[in-house]
Each structure stands twice: as C-alpha cells, then as structure tokens.
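# Fold and geometry: a report
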Amino acid sequence: MPESERVQITGPAGDRYDEILTPQAIELIAALHAELAPRRFEALAARRRRQAELSRGAMLDFLPETADIREDPAWRVASPAPGLVDRRVEITGPTDKKMTINALNSGANVWLADFEDANTPLWDNMITGQLNLKDALDRTIDFSSPEGKQYVLRPDEELATIVVRPRGWHLDEKHIGVDGDRASGSLVDFALYMATCAQRQLDKGKGPYFYLAKNESHLEARLWNDAFVIAQDFLGIPRGTIRATVLIETIPAAFEMEEILYELREHSAGLNAGRWDYLFSVIKKFRTRGREFVLPERNSVTMTAPFMRAYTELLVKTCHQRGAHAMGGMAAFIPSRRDPEVNEKALAKVREDKTRESGDGFDGSWVAHPDLVPVCKEIFDGVLGSNPNQLGKTREDVHVTAEDLLAVSKTPGVITEAGLRNDISVALQYLAAWLSGNGAVGIFNLMEDAATAEISRSQVWQWIHNDVALDDGPVVTRELVERLIDEELTKIRAASGEEFDADRYGQAVALFSEVALADTFADFLTIPAYERMP
C-alpha cells in the first residue's frame, strides 16, 4: 500500500484496499494533518478544561463573546444542496455490504452511512466500508446471504442520498500514522471518502455530504469547515460543494447552535437532534454535581422531559431562522416480522415519536430499520404534503433559556433494580458484539449502538458516585453492581446456549468494569475498547 514520508500505514493489506488507500488519498490525509492536527489537539484540551470547570461547579450558558452572531438577523446558511432538499426520512446504519444495499433501497430520502456509533472501527470495517460506498456509486455492489438471497441496487433515481458520518474528533486511527503520531479518525474517514467518492457523487448530480458527530463547540465546527476548504481546494472542486449536518448531541453544543451554523454556513446542511448521545453528554458533564443532575433510568427518560423539549424546540427554531434543516432523532425501536405484538408496540412508539417531531417543525427524522421507513414517511407526508421541508415554520413562539436546557432535575421517572439490571445487561451484550466487529446490535427489541451503551455505563458510574438509592432497593454500590454483573451474565449465558462466547463476554465484563466501576470516569468507552482491538 502507498505511503508518503509523513504518512505510515501499519494496517494489513487486504483485497482492493489500494483502491481506497490511493496516493491521492494519502496525500490528502497528510495535507489535512499538517494544517489541522495541532488545532485538533487544542480542541480536545479545551474539552478537558471545560470538564474540569464544570466539575468544580461552573455552569453552561450562552457565550457572551458570540452574542453578535446570535443577535444578527441577516445571515443565512447555504441553500439546500441537490439530494438534500427533501429529507423527511433518513435511515442510519453501518457500511457493510448488506446494509449499504438495503439502506439505499429502503425508500428513505437519505442514508447516514455510519463510520461512527453504529460501526466498530476494525481496520477491515473502515476500509471495506469505503469500498462499499465506492462500489455503490459505481453500481457494482451486490450481496448474497448464506441462505442464497440476492441483494442488488434499485435504479439510481430510487436510491437514498448518501451522507457519511466520520468518527468524532476524539478518536484516532491507530493503523495510520502521520509524523509519528496516530492519525485523526475524523480526518482519515473524511479524506478517504473525499478522495474516492467526491467526484463520483458530483457526476451523479449530488455531492460529498457529511454528518459531524460529537462536536462540543463552534470552534470544533470551524475546524471542520477548514478541513472542507482544504479538501475542496486540494481536489479542485468548488468551495461549498461539501455540505454537513452537525449532530447536536452534546450539551455544550446546545448552547452554541447558532455559532455552529455560522461557522459552517457555506457548507451547512443543518442540525440534528442526536438524543441518545445528548443524554450521555448530560450525565458525563455533570456526573459529580449531585442529585440535581441525576437522570432516571434510561428507558424512562423520554423526549417529553422538560430539558429535552427545550433542546429540541430550540434546535428547530435556530435552524429555521437561519434557513437550515432541523432533523429529528433516532427511533431505536426494532419492528418484528415474527412477533405481531412486538411489531405493533414498536410501530406505535415510532408513530408517536415522529408525530411529535413533525408537529414541532422538524424537516425529517431518523429510523434504524427499513421497515420503519413507511411509517416515518407517512407521518411527515401528512404534515409536509408536497412541500419538501418545513423551513418556513420559524417557531417564533419558542423562548428557551439556559435554565430550561439545564432543568435535568425536572425529569420524571424512577431508578429501579430492573433499570440497573437493564443497563448492565445491555452494556455487556453490546460490548461483546462490538468487540467482535458489530457496532449496531438489536437487544430487547431496541437497536443499540455506542451512544446507548454509553448511557448505560455512565448511569451506573453516576449512581455509584452519587450514592443513589434504588426506588425498590438498596444504595447502588460497586459491590451491588459486581453481583448484578454476575447474575446478568448468567442469564445471557443461559439465553445464548451454545452460541455463548465466554472469551468475548469475559472481555466485555472487563471493559464494562473499567468504564463503569473505576474511580475515574472514562470520557468515551470506545477509546479503551479500541485498544482491545487488533
């Protein structure tokens, strides 16, 4: 595989990897790191400083130094790009062959091709995922299931628009080094897609589009914007060709929505309400601040909680006042083709969720399964009609304060032993799957990804460190959690039968204990998990 003097590739070579790891792609990785690597490290240091301030008692608020941006009514983001005008249904999922074909064929308007939370960053996953996107655009992709079922693409005009989600700024790519340091996972994923697929997308009348994950500030958005400028100039395509939707999935970013749109305005495609990581961020940022910031068990926290309503309504208002799309959150429920009762409950939950979002003014929303595309489309069709979006719904009625965004204590719900057991069981099952290469896992009729696993382990850590008592039992302690880990593992072993992988679950228990029971809080479970991978 090609290398340059500055870029070293240590990952093993595989079939057709040279089609992705081209000299041009390697050169682009080098160019991006030369300009942006120091600023990326500073952005991560700024996160640590802010966390230390919050742990000492500071509070989040809208930034006084950027008030002029928020108060200026004149600026707007770029008009919606081709393929992103109508986004009423977006489907998410990893970039394996079967998902690539099913997502593009699903009837959704957009497919979020995920290299982040729904993906495990095995070296092979990262490169073959890029190959699958290339092959999809070249219409050379196909897949045969073990049962002999054939999967092929529908005509181009029936396919969803591809929007790629690179890894967040905090994640490295350990198989690529730049000047002796690990490369940024964000910049690697971005550069490989741009070098391979940007022109292919343009040839199809669309463009290279992205979802940006885990951003915590407008300065991090500025870093992305500069990456876009560098890549467009490098590849000789016009500035503004790239478009990006930012996930507002951290609570600091909720206080900088307008500034984030402003930084990306030439390249902006809007904001998304990344609800699951948002809950994780609330727990993480205020984990040592006592009961005021302790959430109920995760399955009882709904989007109607006051602080979640404030966040989503502010997002719609902010986006539409600036001409940007406001995208709703993930419906994690999984329909069942075998159990009518499970299927009915899942569809009812999704219908309720999407009805609320469409009524609030969102321009579209996410689903995790092709069978949920029709119900989401039906709901948004009922509100949009022949209109492609709701950009004209500016929500002048919405007035959200910092106190509203931080009203975590007003969240109804309970903390029970069943809820604690659910957190433990979900985390163990997910981590076992993640370590074996699968980042999107159906557990208890919900689609779990890294974000929901983060909620599970961070709740356990917070409950232990804030002396939380279960509504129906004792105070949550390390010893209690260790006992429940053993009990839940026994249940998983019994349910799995001969398929139970003792070694993999042993690793999962060790990893969960590291991120849920340690004295110090790990910022992301995916960082120590990645170190356990080849």
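Scroll up a little and you will see the structure.
Report on the accompanying structure. As the structure is a prediction and not an experimental result, all values here were calculated from the model.

What follows is about the nonpolar core. Trp111, Phe190 and Ile248 are the most contacted members of the largest nonpolar core, which has 120 residues in total. The element that contributes the greatest number of residues to this core is helix H5 (residues 185-203), accounting for 10 residues. Counting 42 residues, the second-largest nonpolar core is a separate cluster that includes Trp434, Ile492, Phe512 and Met533.

For helix H17 (residues 502-516), spanning 15 residues, the distance from its first C-alpha to its last is 20 Å, which sits close to the expected 21 Å at 1.5 Å a residue. Those residues of H17 lying buried are Tyr505, Ala508, Val509, Leu511, Phe512, Val515 and Ala516. Considering only its buried residues, H17 is in contact with helix H14 (417-435), helix H15 (450-465), helix H16 (478-496) and helix H18 (526-531). Between the side-chain oxygen at the start of H17 and the backbone nitrogen of Asp503 there is a gap of 3.2 Å, and the oxygen is on Asp501.

Here we take up helix H9 (residues 275-285). The element H9 is largely enclosed, with a buried count of 10 among its 11 residues. For H9, every residue scored as buried is listed here: Arg275, Asp277, Tyr278, Leu279, Phe280, Ser281, Val282, Ile283, Lys284 and Lys285.

Moving on, we get to the packing of H14 against H17. Describing two packed helices takes the angle between their axes plus the distance from one axis to the other. Where H14 meets H17, the axes come as close as 8 Å, and the angle between the chain directions of the two elements is 120°. Judged by the inter-axis angle, H14 sits oblique to H17. Crossing handedness for the pair H14 and H17: right-handed. Here Ile424, Ala427, Leu428, Gln429, Leu431, Ala432 and Leu435 of H14 lie close against H17, whose contacting residues are Arg504, Tyr505, Gln507, Ala508, Val509, Leu511 and Phe512. Partitioning the contact of H14 with H17 into residue classes produces 11 nonpolar, two polar and one charged.

So, about the pattern of salt bridges. Counted by the stated rule, this structure contains 53 salt bridges. Note that Arg222 and Glu263 form a salt bridge whose closest N and O atoms lie 2.7 Å from each other. With Arg222 in helix H6 (residues 218-235) and Glu263 in helix H8 (residues 257-263), this pair connects stretches of sequence that are 41 residues apart. Among the residues examined, Arg222 registers a relative accessible area of 35% and is labelled partly exposed. Linking Glu313 and Arg395 is a salt bridge whose minimum nitrogen-to-oxygen distance equals 3.1 Å. Here Glu313, found in helix H10 (residues 306-321), pairs with Arg395, found in the loop between helix H12 (373-384) and helix H13 (402-405); they are 82 residues apart in sequence, far enough to count as distant. According to the relative accessible area criterion, Glu313 is buried, its value standing at 18%. A single network of salt bridges, built from pairs that share partners, joins Arg275, Arg309, Glu313, Asp353, Lys354, Arg356, Glu357, Asp360, Arg395 and Asp397.

Let us now look at the packing of H15 against H17. Two elements in contact, H15 and H17, have axes separated by 8 Å at closest approach and are oriented at 50°. Here H15 lies oblique to H17, going by the angle between them. Here H15 runs over H17; the crossing is right-handed. Judged by residue contacts, Arg457, Val460, Trp461 and Ile464 of H15 engage Phe512, Val515 and Ala516 from H17. When the residues that make up the contact of H15 with H17 are grouped by side-chain class, the tally is six nonpolar, no polar and one charged.

This next bit is on the packing of aromatic side chains. Summed over the entire model, instances satisfying the criterion amount to 17 aromatic pairs. Consider the rings of Trp75 and Tyr262, whose centres lie 5.2 Å apart with planes at 80°: the pair is edge-to-face. Of the two residues, Trp75 is situated in the loop between helix H2 (67-71) and strand E2 (89-94) and Tyr262 in helix H8; the sequence distance between them amounts to 187 residues. Residue Trp75 is classed as buried on the basis of its relative accessible area, which comes to 8%. The exposure class of Tyr262 is partly exposed, given its relative accessible area of 25%. Ring centres of Phe190 and Phe228 lie 5.5 Å apart, and the angle between their planes is 45°; this geometry places the pair in the tilted category.

Calculation rules
- Residues numbered from 1 in each chain as written.
- Predicted model: local features only at pLDDT ≥ 70, side-chain atom pairs only at ≥ 80, totals over all residues.
- Heavy atoms only, no water.
- Core = buried A, V, L, I, M, F, W, Y, C linked by side-chain atoms within 4.5 Å.
- Buried < 20%, exposed > 50% of the residue type's maximum accessible area, 1.4 Å probe, protein only.
- Helix = DSSP H or I, 4+ residues; strand = E, 2+ residues; numbered from the N terminus.
- Expected span 1.5 Å × (residues − 1).
- Contact = heavy atoms within 4.5 Å.
- Polar contact = N/O pair within 3.5 Å; in protein donor to acceptor, adjacent residues only side chain to side chain.
- Axes fitted to C-alpha atoms, helices over the stretch in contact; angles between N-to-C directions.
- Parallel < 35°, antiparallel > 145°, perpendicular 65-115°, else oblique.
- Left-handed = near helix turned anticlockwise from the far one by under 90°.
- Nonpolar A, V, L, I, M, F, W, Y, C, P; charged D, E, K, R; others polar.
- Salt bridge = Lys/Arg side-chain N within 4 Å of Asp/Glu carboxyl O.
- Phe/Tyr/Trp six-rings, centres within 6.5 Å; stacked < 30°, edge-to-face > 60°.

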